[in-house]
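Listed below, chain by chain, are the residues.
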Amino acid sequence: MAAIPAFALVMAACPFFLNAYWIELLNNVGLYAILGLSLNIILGHAGLFHMGHAAFYAVGAYATAILNTMYGVPVLWLMPLAGLLAGAFALAVARPIIHLRGDYLLIVTIGIVEIVRIALVNNVFSITGGANGIFGIDRPFLFGFKIAKPMHFFYLIWGFAAATIFLLSRLENSRFGRALRYIKEDEVAAEGSGIDVARYKLAAFAIGAVWAGMTGTIYAAKMTTIAPESFSFAESVVLFSIVILGGAGSIPGVLLGAFLLIGLPEFFRGLEEYRMLVFGAAMILMMIFRNQGLLPPGPKHYDIPARPAGGHQ
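Residues numbered from 1 in each chain as written. Predicted model: local features only at pLDDT ≥ 70, side-chain atom pairs only at ≥ 80, totals over all residues. Heavy atoms only, no water.

Caption draft 1: The arrangement of the overall build of the protein in detail. Broken down by element type, the protein carries 12 helices and 4 strands. The C-alpha radius of gyration of the protein comes to 20 Å, within 12% of the 20 Å expected for a compact globule of 313 residues. Considered along the principal axes of its C-alpha atoms, the protein spans approximately 70 × 45 × 45 Å. Buried residues in the protein amount to 46% of all 313 residues. Accessible surface computed for the protein: about 16100 Å², of which carbon and sulfur atoms make up 68%. For the protein, the centre of its 19 positive side-chain charges and the centre of its 16 negative side-chain charges are spaced 7 Å apart. (Helix = DSSP H or I, 4+ residues; strand = E, 2+ residues; numbered from the N terminus. Rg over C-alpha atoms; globule rule 2.2 N^0.38 Å. Buried < 20%, exposed > 50% of the residue type's maximum accessible area, 1.4 Å probe, protein only. Areas by Shrake-Rupley, 256 points an atom, 1.4 Å probe, with all protein chains shown as cover. Lys, Arg positive; Asp, Glu negative; His and termini not counted. Charge placed at Lys NZ, Arg CZ, Asp CG, Glu CD.)

In C-alpha cells form, the structure reads like this:
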C-alpha cells in the first residue's frame, strides 16, 4: 500500500522538474489512463468485448464544445452533463445488443464508433462542424483560476485520475463490482444465482460511458478544438490495448498500460517508422506468453459470515 502515496507524491512533484513537453506527455498519459479505467469497467470487470469506447468519449467532447461555443456555458460546469449524455447514448446503443457475446459484440461496437465518426464528419444537424470540427472552446476556470498552462492541466487531469481510481476501487469491492466479476467468470451461473445479467451489463456500459464523456470535456478544454479524427476506431484500439496489455480488471495494470502505450513510444521517436512494428510484435508476444496482462488482478477474498451457534454444519 506504500506504493500508492509514493506514486502520488512523485506525480505531484513532476511538473517542478520537467519541461512543458514532458508535462504535456504526462497529460496525455493521464487522459488515456482515465479512459482506460472507464473501459476497464466494461471490458475488465464485466468481460464485455467493447471496442467502440471512443464513441462515448466523442459524445462528451462534442457536447461540451457545442454548448460552450454556442451558449457560453462554462466548461467545467458541462462535465456532469457531458457524462450523462454519454451514459444515455451508451444505454440507447447497448440495449439492443447487450445479449450478444464475444466477437459478435466486438464487431457491433466497432460499427458504433464508425457510425459516430461518420455522423460527425457529415455535420449532423449542422452543429458538429463537419471534418473541420469545432474551434474556440474556452479554457476552464476552477474557483476563479484560469486553467491554461500544461502544468495547470496536469493537476486537473491527474486529480481527476486520482478521484477515478478511488471511486472505481470502491466500486470494484462493492456488491455491484462482485456481480460484474461473477458475470465475467460464468454468466450462466451468475444468472442462476439471481443476478440480473442484462441490467448489470447495461449499468457497466453506462458507468464506463459517463466517465469517458467527462474525460471528453477535459480533452475539449485542453485542446480548445476538436475534430472527428480524434475519435476514430484507432483510438478505441489503443484504449482496448491499454486494458488488455496492463491486465483486464486491474487498476494498476491499466495505469501501467497507459504509461507503456502512450508514454514509452516518445522515447523512441527516432525509430518512428518501426514503432508500430515493435508494438504489434509486443502485443503478439504478450498474448502468447502472458495473456492475463502485465499486472493482472489478484485473487479476491471475501469474508464469509460466521454461522450462528448451534446452526447446522
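There is more to say after this.
Caption draft 2: The pattern of salt bridges, seen in detail. By the definition in use, this model includes 5 salt bridges. E24 is the salt-bridge partner of K222, the closest N and O atoms lying 2.4 Å from each other. You can see K222 sitting in helix α9 (residues 197–223) and its partner E24 sitting in helix α2 (residues 20–45), a full 198 residues away along the chain. Put simply, R101, E187 and K201 are held in one network by salt bridges that share partners. (Salt bridge = Lys/Arg side-chain N within 4 Å of Asp/Glu carboxyl O.)

Caption draft 3: Quick peek at unusual backbone geometry. Even without being glycine, N123 reaches a positive phi, approximately 55 degrees. For N123, the location among the structural elements is in the loop between α5 (102–121) and β1 (134–135). Judged by its relative accessible area of 27%, N123 falls in the partly exposed class. In this model, T224 sits at a positive phi of 60 degrees, which is unusual for a non-glycine residue. Of note, T224 is situated in the loop between α9 and β4 (225–226).

Caption draft 4: Representation of the packing of helix α3 (residues 53–71) against α9 in the model. It is the contact of α3 with α9, at a shortest axis distance of 7 Å, that shows an interaxial angle of 50 degrees. As far as their axial angle goes, α9 and α3 are oblique. Remark: the crossing between α3 and α9 carries right-handed chirality. Contacts between α3 and α9 involve H53, F56, Y57, G60, A61 and T64 on the former and, on the latter, F205, G208, A209, A212, G213, T215, G216, T217, Y219 and A220. The residue inventory of the contact of α3 with α9, partitioned by class, reads 8 nonpolar, 8 polar and no charged. (Axes fitted to C-alpha atoms, helices over the stretch in contact; angles between N-to-C directions. Parallel < 35°, antiparallel > 145°, perpendicular 65-115°, else oblique. Left-handed = near helix turned anticlockwise from the far one by under 90°. Contact = heavy atoms within 4.5 Å. Nonpolar A, V, L, I, M, F, W, Y, C, P; charged D, E, K, R; others polar.)

Caption draft 5: Examining the UniProt feature "transmembrane region" (unreviewed entry) in the protein more closely. Mapped onto this numbering, the UniProt entry gives "transmembrane region" (unreviewed entry) at residues 30–49, 77–97, 152–171, 202–221, 237–262 and 274–290. Taken as a whole, residues 152–171 contains 100% helix and 0% strand, while its terminal C-alpha atoms sit 29 Å from one another. Within the segment residues 237–262, helix and strand shares are 85% and 0% respectively, and the terminal C-alpha atoms sit 13 Å apart. (UniProt positions renumbered as here; feature names shortened; annotations may be inferred.)

Caption draft 6: Inspection of helix α7 (residues 175–185) at higher detail. Buried within α7 are the following residues: F176, G177, A179, L180, R181 and I183. Where the residues of α7 are buried, they touch α2, α6 (150–172), α8 (187–192) and α9.

Caption draft 7: Layout of empty space enclosed by the protein. Applying the stated criterion to the full structure yields 1 cavity of 30 Å³ or more. By volume, the largest cavity is sized at about 60 Å³. Looking at the largest cavity, the residues that line it are L37, N40, I41, H45, L168, L171, E172, G177, L180 and I251. Elements represented by at least two residues in the lining of the largest cavity include exactly α2, α6 and α7. Considering each element in turn, the lining of the largest cavity owes the most residues, 4 residues, to α2. Each residue belonging to the lining of the largest cavity can be placed in one class, and the counts come to 6 nonpolar, 3 polar and 1 charged. (1 Å grid on protein atoms, 1.4 Å probe; cavity = no way out; pocket = protein on both sides within 12 Å on 5 of 7 lines; lining within 4 Å. Points joined across faces, edges and corners; volume = space filled by probe spheres on them.)

Caption draft 8: Representation of the environment of M79 within the structure. Relative to the assigned elements, M79 resides in helix α4 (residues 78–94). A sequence separation of 139 residues divides M79 from I218, and the C-alpha atoms of the two residues are 7.9 Å apart. Those residues in contact with M79 that lie beyond four places of it in its chain are F160, M214, T217 and I218.

Caption draft 9: Spatial organisation of the packing of aromatic side chains. Under the definition given, this model contains 13 aromatic pairs. On the numbers, 6.5 Å between centres and 45 degrees between planes, the contact of F154 with W158 is tilted. Of the two residues, F154 and W158 both sit in helix α6, 4 residues apart, roughly one turn of that helix. Among the residues examined, F154 registers a relative accessible area of 1% and is labelled buried. (Phe/Tyr/Trp six-rings, centres within 6.5 Å; stacked < 30°, edge-to-face > 60°.)

Caption draft 10: Region of interest: the environment of I110. Relative to the assigned elements, I110 resides in helix α5. With 126 residues separating them in the primary sequence, I110 and S236 have C-alpha atoms 8.5 Å apart.

Caption draft 11: View of α6. Relative to the 33 Å expected for 23 residues at 1.5 Å per residue, α6 spans 32 Å between its end C-alpha atoms, a close match to the ideal helical length. Looking at the packing, one finds that the buried side of α6 touches α1 (3–13), α2, α4, α7, α9 and α11 (251–263). (Expected span 1.5 Å × (residues − 1).)

Caption draft 12: Seen up close, a nonpolar patch on the surface. A cluster of nonpolar side chains, F16, F17, L18, M151 and Y155, forms an exposed patch at the surface whose accessible area comes to about 530 Å². When you line up the elements, L18 lands in the loop between α1 and α2. Residue class for L18 comes out partly exposed when judged on its relative accessible area of 32%. (Patch = residues over 30% accessible without salt bridge, like charges linked within 9 Å, V, L, I, M, F, W, Y side chains within 5 Å.)

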